[in-house]
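Chains, contacts and geometry: an overview
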Amino acid sequence: MTDAAAELILASVRRPGSKAPLDVHLRGGVVAGISPAGTLAHKARPLRTVDCAGRFIIPGLWDEHVHFTQWALHANRLDLSAATSAHEAAAAVGRFIAADPAEGTGPGHPITAVGVGFRDALWPDTPTLAMLDAAAGKRPAALISHDLHCVWVNTAAARRYGLRVDASGLLREEPAFLLTRELGRLPDAVVDGWISQAAKDAAARGVVGVVDFEMTWNRDPWLRRMAAGFDSLRVEAGVYPADLERAAAEGLRTDREVPGGNGLLRTGPLKVLIDGSLNTRTAYCVDPYPFGGHGLLTVPIDELRALLRRARETGFVPAVHAIGDAANRVALDAFEHAGIGGRIEHAQFVRREDFARFAALGVVASVQPAHALDDRDAAEANWSGRTDRAFPLRSLLDAGATLALGSDAPVAALDPWAAVSAATTRSSFDGRDPWQPQEAITREQALAASTRGRDTVQVGSPADLVLLDADPLAVPDSGLAAMPVAATLVGGHFTYDGGWAASQG
Ligand SMILES: [Zn+2]
């Protein structure tokens, strides 16, 4: 993957905002030279040259916060949120199964067809076992409701999972939770295949790397995938507190390369959750929620401080999940107390007096701008009168903080252009006014926060690059989320090119 021999000229590219075509020489995984178009081609040795026809070049994009396995599972589940009746949901399952190749043979096959997000409260008809049998046939099918408290199964699924269901085919509460957990347990080969596809899809959006906060001992699954040839993305695999001592004992350190990872795998931060979420009203807040309570601080302050001190001793950068303004204050206090910098994940709601503390303490704000638009109504309902400091991207930047953009996939789609669009427009282009538009940042700022601070492609930059079919500084606001990506390179190798570059030999 990172073989030092890879050498290539990207001919006729342009930097955003510029008309001057350039040739970019890649060697040994870095940008070795940049010169006016046409001048590099005259070198003595013939090099593979890809004519990029004036496409725009930017540094490779990172998604700083994903749950990659959950995202891959999500991408292979059927979204039933639009079904307006049980019959419609069943019909969608029938079409999904007809189109889904996950048949195969061997243990665990055929893979259970899983649907998610159905809302039966308003359906005119009621789900039945027979209805889902008719749609899914012998293929096990399990449909998880929007609120996760109900699962609708067919006879084949009941048989596979040893479930007792009546003619409704519905499981509720504990049996539903148990089955939902079981549905996430799939053969490694199936999950790895889905992950490989999800990574290719990410590369097709310009992503060169992800910070993966999958909630598990995450190194070994990634080593297995790398050994099997995974090469679409760089991965920084996070560690959770329960595994900190094991990770330290095995020589893992944040940012350190993991042996056996083909040069693509590094250890990520230590992820520490200290509060809940806005939608469940468990984000820990200074002021009470309209229905009472301040949310939850899920780790006592002393324990958090001890954990951050231990992170410092063992070479781990803490990434503290903090959504509410009280949780952000607690997290900043703990960083200060432990004498270590790091990251706060989400930073959705922050006291004004805390904005400047991010920079002062060396704490990066790892933010997911698409949530600002998905959660605007929940924020207005729960943080009423204070949402001028909700998802405060501009205020954090103005106070000197470093921003790092991400998706929190599967909560939002793993697509950095959705994040860049939300961060710069604060609009979903759905007819509503932009939300708290004073907190929008510029495109240059959003791109820098998606490229680990690399503003532009320069000599010495990693050969992790994206070629675009449009100038990201010039497309209209409404077109930014759908930015056309022409090619992506990691370490000087194409991970995506839509076929046009490969056809040039
Ligand atoms: Zn997350």
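Residues numbered from 1 in each chain as written. Predicted model: local features only at pLDDT ≥ 70, side-chain atom pairs only at ≥ 80, totals over all residues.

1. Examining the nonpolar core
Core analysis: the biggest nonpolar cluster contains 126 residues, and Leu10, Ala331, Leu403 and Leu467 have the highest contact counts within it. Among the elements that take part in this core, helix H10 (residues 325-338) stands out by supplying eight residues, more than any other. Those residues in contact with Leu467 that lie beyond four places of it in its chain are Val13, Cys52, Arg55, Phe56, Ile57, Ala486 and Ala487. (Core = buried A, V, L, I, M, F, W, Y, C linked by C-beta atoms within 7 Å. Buried ≥ 20, exposed ≤ 12 C-beta atoms within 10 Å, placed from the backbone. Helix = DSSP H or I, 4+ residues; strand = E, 2+ residues; numbered from the N terminus. Contact = placed C-beta atoms within 7 Å.)

2. Focus on the sheet that holds strand E10 (residues 170-172)
Strand order in the open sheet formed by five strands is E6-E7-E8-E9-E10, and the pairing between neighbours is mixed. This sheet does not close on itself; its edge strands, each paired only once, are strand E6 (78-79) and E10. Relative to E10, helix H5 (residues 174-183) is tilted by about 105°, and along the sheet it contacts strand E7 (113-118), strand E8 (141-145), strand E9 (150-153) and E10. (Pairing = 2+ DSSP bridges. Axes fitted to C-alpha atoms, helices over the stretch in contact; angles between N-to-C directions.)

3. Focus on the sheet that holds strand E11 (residues 207-212)
Within the open sheet, the eight strands sit side by side as E5-E11-E12-E13-E14-E15-E16-E17. Their pairing is parallel. In this open sheet, the two edge strands, each paired with only one partner strand, are strand E5 (61-66) and strand E17 (403-405). The average undirected angle you get between the axes of adjacent strands in this sheet is 25°. When strand E15 (residues 342-346) meets strand E16 (residues 363-367), the two strands line up parallel, connected through four bridges.

4. Topic: the domain arrangement of the chain
Here the chain is partitioned into domain 1 (1-60 + 464-505) and domain 2 (72-183). Between the C-alpha centres of domain 1 and domain 2 the distance comes to 45 Å. (Domains from an automatic or database assignment.)

5. Side note on the packing of helix H9 (residues 301-314) against H10
Contact geometry of H9 with H10 gives a least axis separation of 9 Å together with a crossing angle of 50°. Between H9 and H10, the interaxial angle falls into the category oblique. Relative to H10, H9 is oriented so that their crossing is right-handed. For the pair H9 and H10, contact is made by Ile301, Leu304, Arg305, Leu308, Arg309 and Arg312 and by Val330, Ala334, Phe335, His337 and Ala338, respectively. (Parallel < 35°, antiparallel > 145°, perpendicular 65-115°, else oblique. Left-handed = near helix turned anticlockwise from the far one by under 90°.)

6. Some words on the pairing of E11
For E11, the buried fraction is high: six of the six residues fall into the buried class. Pairing between E5 and E11: four bridges, direction parallel. Within E11, the residue paired with Asp63 across the bridge is Val210. In this sheet, strand E12 (residues 234-239) lies alongside E11 in parallel orientation, the contact comprising four bridges.

7. So, H10
In this model, H10 (14 residues) spans 20 Å end to end at C-alpha, consistent with the 20 Å of a helix rising 1.5 Å per residue. For H10, the buried fraction is high: ten of the 14 residues fall into the buried class. Here H10 has its buried residues at Asp325, Ala326, Ala327, Asn328, Val330, Ala331, Leu332, Ala334, Phe335 and Ala338. The inward-facing, buried residues of H10 contact H9, strand E14 (318-322), E15, helix H11 (355-361) and E16. Taken from the residues just after H10, Gly339 is the one with a positive phi, measuring 65°. (Expected span 1.5 Å × (residues − 1).)

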